[in-house]
Amino acid sequence: MATRGSRSEKVKRIFQQFDVNRDGGLNREEMAALVVAVNPRVKFSEEQINAILDEVFRTYSEFIDGEKGLTYDGLLRTYDDGAGDVDRDFDALALELKPEDNAGTSIATEEASSSSIADERVMEPHKKQRTAAWAASPNHGIVFDDTWKLVDDLEILIKRLKSKQSKDGKLKNDNSDVYSEGWSRELGPSTEITDKRVNWEETGHDYAVFVRELGVLRSRADGARSREEAFDGHMAIGRVLYDQHLFKEALVSFKRACELQPADVRPHFRAGNCLYVLGRHSEAKEEFLLALEAAEAGGSQWAYLLPQIHVNLGIALEGEGMVISACEHYREAAILCPTHFRALKLLGSALFGVGEYKAAVKALEEAIYMKSDYADAHCDLASALHGMGDDENAVKEFQRAIDLKPGHVDALYNLGGLYMDMGRYQRASEMYTRVLSVWPNHWRAQLNKAVALLGAGETEEAKKALKEALKMTNRVELHDAVAHLKQLQKKKLKGNGGGNGEEAFIIVEPSKFKTVGEKTTLRTDLSTALDIRSFQRITRLNRCDVDQIKKEINETDVPMSYSGGVPEKSIRKASLEEILHRLLKFLKPETFIGAVKAINQKVLSVLDESESGRLDLGMFFAVLAPVCGGSADKRKRIAYEALLWRPVNEGSNQIRKTDAQRYIKLLRAIYIPSQGASEMLEIHGEMDTSLVSLAEFTAMFDDPDWGFGIMSTLLKLELGDRNRHGSHVCATCRYPIIGSRFKELKSHFSLCSQCFSEGKVPPTSKQEEYRFKEYASEAEAVKDKCMWFGIHSKSSSSPAAS
């Protein structure tokens, strides 16, 4: 079992260093000196120092010894609660442990015996230095003597199990930190899981015996003389089990403690931590909410734990994909405890996750000021800087994260992506190679390595890397990548361009692109529709039937707001995120986070132009309706009903024309920004009080010049963007054509939708004018070819021809 050992001695040395007058307490002046000394890079103002000291002296009032100030136990408690990092502060102060500092802290070796637990118990079971730091703490510690006996016996049970499983080779250490993806999510210091997580074998006979004996200990706890003592026993059993990574068993104990004292914060908090580690994020959130409710009802008694409850609640919400909601709790934790660098780091990472790059940079920089060696914070700061376009500083921050932690997968992978964007393919390939040395089955890194090698001109190495990626996963995009590579090889052999240093395509101005037939989409329309389709793919909104919006309109109860002088059903972004979670309930958490980010950047940034954090829910529903699933008529009707639901139109069966005009201009500003942004300026000052029916609204909506006429093109893409065209590949990008195929009628080359929308043509086919015909499927092309041959065969067999 772990001991307090050097940790408590380090705190003692820090305490002695700043207890200048040797009175056994740190007064405000001494405490201020400590705060400044352990944060050498932070320039505190007098107001900030006073705010921090006020918070410490208020939160830890039970440890304040009159004018002497904060006691040693109080300082130790602040570190236990995550207000600081003992090892970091100790190193920052350049202190050293003397050999005698550790005297008496080692655990006596216990002789293994199979007779009984009592035989294995050492002679002095109640020595508090034998167990973890929490056991002797005034807030989380063991209160009753009989509880110490339970802990001693439980430690022996765990020791037996560990010994047997180690002997059988069943006990494994798993460095789960290596396999992190995305921005980092971590439990705070008071509940932190060490890098080396123990994986117990739970199916064997040894484990079954352990659980049975553990049940006996739980029965002893239940048989205590009082409810308080039973609670103390179950909490202690839970803490010991948690520290040994026996999370399922720990959860049972914490749940029992919750039953014994439902209004106590601690068992809910601990149960939440267990549930999170077990991957049961929704249940963890509920426990943290109960802990928060109990802490707020309990007054100052639980003030020391409030920041950590907010942090862990935020982490649980992130586990569900609710990142905007998580931000609120990280922010609250940072307000309650200004030195909580993990809360600031998590806030910055979450803000980055929803595309709020500027705010993310600010929070992450603050976290790094407090803890300069925080590798995860440097990694996420780099990602946020890249999001803002500051690639030079982003590279430096990624490199700093890697210097601090050479096996940091996210930093290596993301730096590889950044080098790819910069065209530094060789360096990108090196980064992906390093990712694979840490995580050999990272197929995305393997695929990107192949692309980087291709960019660097190392075609043979790229082919090998692609084959390795195919061994790792059988995803269709890898097969497309292989086909693409073969096409490039063919093109290089033929000498048609696209090889090293050769021109792969030329871009032609829109006026030179002509269309043949009414069904062929205009290049500019296709470009806009492809952008909207890309947004649909990221958000998966087209998989959300528009009827779900109708359901939300009928069932969502939103209080009226008069903040802008006009009545509005407005809600905060966090509440809007909950509605989106219901609409997109079929998404996995990580995919939902990406959807929220895209919606925040594309939609909410326009609807919340004043950055008040509140949005008109009716207008939001109306803006979302056209990109959801369902027929075109249904989407328009529900958009109309969403506008009708707004307070300004409520009670009427028609909407005001000004609202319809504002809606369509917002729609264009969001989805057709190149055209819509300037139109938004024209909205103000319109006083038309006439009303618009659904039929009139539909006519306004479908107007090709001033409405959202692009929707017909969008529907065509939705229906056909998975269609493949046999062996046809795009003449410029060389990828297999998926979706519509655009065939040039004179030179007979074909383009994919993306290259057609961008005006790319092969350099060998320069013409004054290009005439394209669109084929939605290969069947259409075959039918067209047959008709052409039929017409020409008839004309060749006619008398005139003979």
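Residue positions are given per chain, counted from 1 along the sequence in the order it is written. Selection of residues for local features in this predicted model requires a pLDDT of at least 70, selection of side-chain atom pairs for listing and counting requires 80 or more, and totals for whole chains, interfaces and linings are taken over all residues. Side-chain metrics rest on all non-hydrogen atoms present in the structure, leaving aside hydrogens and water.

1. Points about the overall build of the chain
Thinking step 1. Secondary structure elements are defined from DSSP: runs of H or I of at least 4 residues count as helices, runs of E of at least 2 residues count as strands, and each element is numbered from the N terminus. Of the regular secondary structure elements, the chain holds 35 helices and 16 strands.
Thinking step 2. Burial status follows relative accessibility: with a 1.4 Å probe on protein chains alone, a residue under 20% of its type maximum counts as buried, one over 50% as exposed, and anything between as partly exposed. Taken over 802 residues, the chain has a buried fraction of 51%.
Thinking step 3. A contact between two residues is defined here by any heavy atoms of the two lying within 4.5 Å. At a minimum sequence separation of 6, the contacts of the chain that also span at least 24 residues come to 65%.
Thinking step 4. Using a 1.4 Å probe, the Shrake-Rupley method yields the accessible areas, and only the shown protein chains count as cover for residues. Of the accessible surface of the chain, which amounts to about 37700 Å², a share of 50% is contributed by carbon and sulfur atoms.

2. Description of the UniProt feature "repeat: TPR" (unreviewed entry) in the chain
Thinking step 1. UniProt positions are given in the numbering used here, feature names are shortened, and annotations may be inferred rather than shown by experiment. The positions UniProt marks with the feature "repeat: TPR" (unreviewed entry) are residues 231–264, 341–374, 375–408 and 409–442.
Thinking step 2. When the span residues 341–374 is considered, its composition is 79% helix and 0% strand, and the gap between its end C-alpha atoms is 9 Å.
Thinking step 3. Secondary structure over residues 409–442 splits into 79% helix and 0% strand, and the C-alpha atoms at its two ends are 10 Å apart.

3. Side note on the nonpolar core
Thinking step 1. Among the nonpolar cores identified, the biggest contains 209 residues, and Leu75, Phe210, Phe620, Tyr663, Tyr671 and Phe697 are the most heavily contacted of them.
Thinking step 2. In this structure, Phe210 is in contact with Leu154, Leu157, Ile158, Leu161, Leu241 and Leu246, ignoring residues within four places of it in sequence.
Thinking step 3. In this text, buried Ala, Val, Leu, Ile, Met, Phe, Trp, Tyr and Cys residues form a nonpolar core when linked through side-chain atoms within 4.5 Å. Within the second largest apolar cluster, 7 residues are counted, among which are Leu447, Leu453, Ala462 and Leu466.

4. Focus: the pairing of strand 16 (residues 770–775)
Thinking step 1. Where strand 6 (residues 513–515) meets strand 16, 3 bridges bridge the pair, whose relative direction is parallel. Pairing of Phe513 across the sheet is with Tyr770, part of strand 16.
Thinking step 2. Where strand 13 (residues 741–744) meets strand 16, 4 bridges bridge the pair, whose relative direction is antiparallel. Counterpart to Phe742 in the pairing with strand 16 is Glu774. For two strands to pair, DSSP has to find at least two bridges joining them.

5. Observations concerning empty space enclosed by the protein
Thinking step 1. Using a 1 Å grid laid over the protein atoms alone, points where a 1.4 Å probe fits but cannot get out form a cavity; open sets with protein on both sides within 12 Å along at least 5 of 7 lines form a pocket; any residue with an atom within 4 Å of a point counts as lining. Grid points are joined across faces, edges and corners, and a volume is the space filled by probe spheres set on the points. Taken as a whole, this structure holds 2 cavities of 30 Å³ or more when the rule is applied.
Thinking step 2. Taken together, 30 residues make up the lining of the largest cavity; nearest its centre are Val56, Thr78, Ala83, Gly84 and Thr339.
Thinking step 3. Broken down by secondary-structure element, the contributors of at least two residues to the lining of the largest cavity are helix 2 (28–37), helix 3 (46–59), helix 4 (72–80), helix 5 (86–92) and helix 13 (306–319).
Thinking step 4. Considering each element in turn, the lining of the largest cavity owes the most residues, 4 residues, to helix 3.
Thinking step 5. Approximately 30 Å³ is the volume found for the second largest cavity.
Thinking step 6. Lining the second largest cavity we find Thr521, Leu526, Thr713, Lys716, Leu717, Ser740, Ser753 and Glu774.
Thinking step 7. At 3 residues, the largest contribution of residues to the lining of the second largest cavity is made by helix 33 (residues 711–720).

6. Overview of the packing of aromatic side chains
Thinking step 1. The criterion for an aromatic pair is that two Phe, Tyr or Trp rings (for Trp, the six-membered ring) have centres within 6.5 Å, with stacked assigned to planes under 30 degrees apart, edge-to-face to planes over 60 apart and tilted to the rest. As enumerated under the stated definition, the model contains 25 aromatic pairs in all.
Thinking step 2. For the pair Phe513 and Phe756, a centre-to-centre distance of 5.4 Å together with 35° between the ring planes defines the contact as tilted. Placement of Phe513 in strand 6 and of Phe756 in helix 34 (residues 753–758) is noted, with a sequence separation of 243 residues between them.
Thinking step 3. Among the residues examined, Phe756 registers a relative accessible area of 1% and is labelled buried.
Thinking step 4. Both rings, one in Phe513 and one in Tyr770, keep their centres 5.9 Å apart while their planes meet at 55°; by these two values the pair is tilted. Highlighted residues: Phe513 in strand 6 and Tyr770 in strand 16, separated in sequence by 257 residues.

7. Details of helix 2
Thinking step 1. All of the buried residues along helix 2 are Glu30, Met31, Ala32, Leu34 and Val35.
Thinking step 2. Between N or O atoms, a polar contact is any pair within 3.5 Å; within protein, one atom must be a potential hydrogen donor and the other a potential acceptor, and residues adjacent in sequence are included only when both atoms are from side chains. Taking the backbone nitrogen of Glu29 as reference, a side-chain oxygen 3.1 Å away marks Asn27 as the first, capping residue of helix 2.

8. Things to note about the environment of His748
Thinking step 1. In this fold, His748 is placed in the loop between strand 13 and strand 14 (750–751).
Thinking step 2. A polar contact is formed between the side chain of His748 and the backbone oxygen of Lys746, at a distance of 3.5 Å.

9. Quick look at the pairing of strand 13
Thinking step 1. As defined by bridge partners, strand 13 adjoins strand 14 across 2 bridges and the pair is classed as antiparallel. By the bridge assignment for strand 14, Lys743 is matched with Ser750.
Thinking step 2. Remark: 5 residues form the turn of the hairpin made by strand 13 and strand 14, two consecutive strands paired antiparallel; His748 in that turn has positive phi of roughly 65°.

10. Remarks on the packing of helix 18 (residues 391–404) against helix 19 (residues 409–421)
Thinking step 1. For the pair helix 18 and helix 19, the least separation of the axes is 9 Å and the interaxial angle reads 155°. Comparing their axes, helix 19 and helix 18 come out roughly antiparallel. In the packing of helix 18 onto helix 19, the handedness of the crossing is left-handed. Two secondary-structure elements touch here, helix 18 through Asp391, Ala394, Val395, Phe398, Gln399, Ala401 and Ile402 and helix 19 through Ala411, Leu412, Asn414, Leu415, Leu418 and Tyr419.
Thinking step 2. In this count, Pro and Cys sit with the nonpolar residues alongside Ala, Val, Leu, Ile, Met, Phe, Trp and Tyr, while Asp, Glu, Lys and Arg are called charged and the others, Gly among them, polar. When grouped by side-chain class, the residues that make up the contact of helix 18 with helix 19 number 10 nonpolar, 2 polar and 1 charged. As a rule, the C-alpha atoms of each element are fitted with a line to give its axis, helices using only the stretch in contact, and angles between N-to-C directions run from 0 to 180 degrees. What sets the label is the angle itself: under 35 degrees gives roughly parallel, over 145 gives roughly antiparallel, 65 to 115 gives roughly perpendicular, and the rest give oblique. Crossing handedness is read from the near helix: turned anticlockwise from the far helix by less than a right angle, it gives a left-handed crossing, and turned clockwise, a right-handed one.

11. Let's talk about the packing of helix 15 (residues 341–353) against helix 17 (residues 375–387)
Thinking step 1. Packing of helix 15 against helix 17 brings their axes to within 10 Å, and their N-to-C directions diverge by 30°. Judged by the inter-axis angle, helix 15 sits roughly parallel to helix 17. Read as a crossing pair, helix 15 and helix 17 show a hand that is left-handed. Of the residues in helix 17, those in contact with Lys345, Ser349 and Phe352 of helix 15 are Asp376, Ala377, Asp380, Ser383 and Ala384.
Thinking step 2. Residues of the contact of helix 15 with helix 17, tallied by class, amount to 3 nonpolar, 2 polar and 3 charged.

12. A look at the sheet that holds strand 6
Thinking step 1. Read across the open sheet, the 4 strands follow the order 6-16-13-14; overall the sheet is mixed. Each having just a single partner strand, strand 6 and strand 14 make up the two edges of the open sheet.

13. Overview of the pattern of salt bridges
Thinking step 1. Definition used for salt bridges: Asp or Glu carboxyl oxygen within 4 Å of a side-chain nitrogen of Lys or Arg. All told, the structure shown has 39 salt bridges when counted by the stated rule.
Thinking step 2. Between Glu320 and Lys285 there is a salt bridge, and its shortest N-O distance comes to 3.2 Å. Here Lys285 lies in helix 12 (residues 281–297) and Glu320 lies in the loop between helix 13 and helix 14 (323–336), a separation of 35 residues in the sequence.
Thinking step 3. We classify Lys285 as buried; its relative accessible area is 18%.
Thinking step 4. Taken together, the salt bridges that share partners define one network made up of Asp146, Lys149, Arg225 and Glu229.

14. Let's talk about the side chain of Ser757
Thinking step 1. Note that Ser757 resides in helix 34.
Thinking step 2. When sequence neighbours within four positions are dropped, the list of residues in contact with Ser757 reads Arg523, Leu526, Ser527 and Leu530.

15. What about the environment of Tyr671?
Thinking step 1. Here Tyr671 is to be found in helix 30 (residues 657–671).
Thinking step 2. A relative accessible area of 1% means that Tyr671 is categorised as buried.
Thinking step 3. Through-space distance from the C-alpha of Tyr671 to that of Val627 is 9.8 Å; in sequence the pair is 44 residues apart.
Thinking step 4. Polar contacts involving the side chain of Tyr671 include one to the main-chain carbonyl oxygen of Val623, which spans 3.0 Å.

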